[in-house]
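Understanding the architecture of this molecule
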Amino acid sequence: MTMWQIVILASIACVIFKLAGYLVPPRVLDNPAVSRIAELLTVALLAALIGVQTFAQGQEIVIDARVPAVIVAAGLFALRVPFIVVVIVAALVAAGIRALS
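Bear in mind that the values here come from a model prediction, so they are computed numbers and not experimental data.

Concerning the packing of helix H4 (residues 66-78) against helix H5 (residues 83-100)
Packing of H4 against H5 leaves a shortest axis separation of 8 Å and a crossing angle of 155 degrees. Viewed along their axes, H4 and H5 adopt a mutual orientation that is roughly antiparallel. In this structure, the crossing between H4 and H5 has a hand that is right-handed. The residues of H5 that touch H4, namely those facing Arg66, Pro68, Ala69, Val72, Ala73, Leu76 and Phe77, are Phe83, Val86, Val89, Ala90, Val93, Ala94, Ile97 and Arg98. A breakdown of the residues in the contact of H4 with H5 according to their chemical character gives 13 nonpolar, no polar and 2 charged.

Spelled out as structure tokens, the structure:
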């Protein structure tokens, strides 16, 4: 199976999952437990994505300039700094570390 076939199959699967979501009856979504799980699942998936993008390069775990940049971004978010400022400062931190190393 080629990479393009895998991408196309994954895309089709995503569309099917999205359409299946519309078939779920509203009474199921009104359940507080289901609602809470859906909220927490979103946060967990986003955290996993950030972790993989920060610490992984191919099949290896790598600690490089991305780690301090994410730490700085998290600190700025905690201080409620506007998003564009967080992105710019984190990019400058990563660029500065890469320039020095």
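Regarding unusual backbone geometry
Peptide bonds are, in most cases, trans, and in most cases residues other than glycine have a negative phi. Backbone geometry at Arg80 places phi at a positive 60 degrees, although glycine is not the residue there. Counting through the fold element by element, Arg80 comes out in the loop between H4 and H5.

Some points on H5
The first and last C-alpha atoms of H5 sit 26 Å apart over 18 residues, in line with the 26 Å expected at 1.5 Å per residue. For H5, the complete set of buried residues consists of Val86, Ala90 and Ala94. What you see down the axis of H5 is that its buried residues fit within an arc of 60 degrees, all on one side. Exposed residues lying more than 90 degrees from the buried face of H5 are Ile84, Leu92, Ala99 and Leu100. Turning to H5, the residues buried within the fold contact H4.

Focus on the environment of Asp30
Mapped onto the elements of the fold, Asp30 is located in the loop between helix H2 (26-29) and helix H3 (32-55). When the C-alpha positions of Asp30 and Met3 are compared, they lie 40 Å apart, and in sequence the two are 27 residues distant.

Section: the packing of aromatic side chains
Taken as a whole and assessed by the stated rule, the structure comprises 1 aromatic pair. On the basis of an interplanar angle of 25 degrees and a centroid distance of 6.1 Å, the ring pair of Phe77 and Phe83 is categorised as stacked. The class for Phe83 is exposed, based on a relative accessible area of 56%.

About the criteria used
- Residues numbered from 1 in each chain as written.
- Predicted model: local features only at pLDDT ≥ 70, side-chain atom pairs only at ≥ 80, totals over all residues.
- Heavy atoms only, no water.
- Axes fitted to C-alpha atoms, helices over the stretch in contact; angles between N-to-C directions.
- Helix = DSSP H or I, 4+ residues; strand = E, 2+ residues; numbered from the N terminus.
- Parallel < 35°, antiparallel > 145°, perpendicular 65-115°, else oblique.
- Left-handed = near helix turned anticlockwise from the far one by under 90°.
- Contact = heavy atoms within 4.5 Å.
- Nonpolar A, V, L, I, M, F, W, Y, C, P; charged D, E, K, R; others polar.
- Expected span 1.5 Å × (residues − 1).
- Buried < 20%, exposed > 50% of the residue type's maximum accessible area, 1.4 Å probe, protein only.
- Arc of directions from axis to C-beta.
- Phe/Tyr/Trp six-rings, centres within 6.5 Å; stacked < 30°, edge-to-face > 60°.

By themselves these figures say nothing about function.
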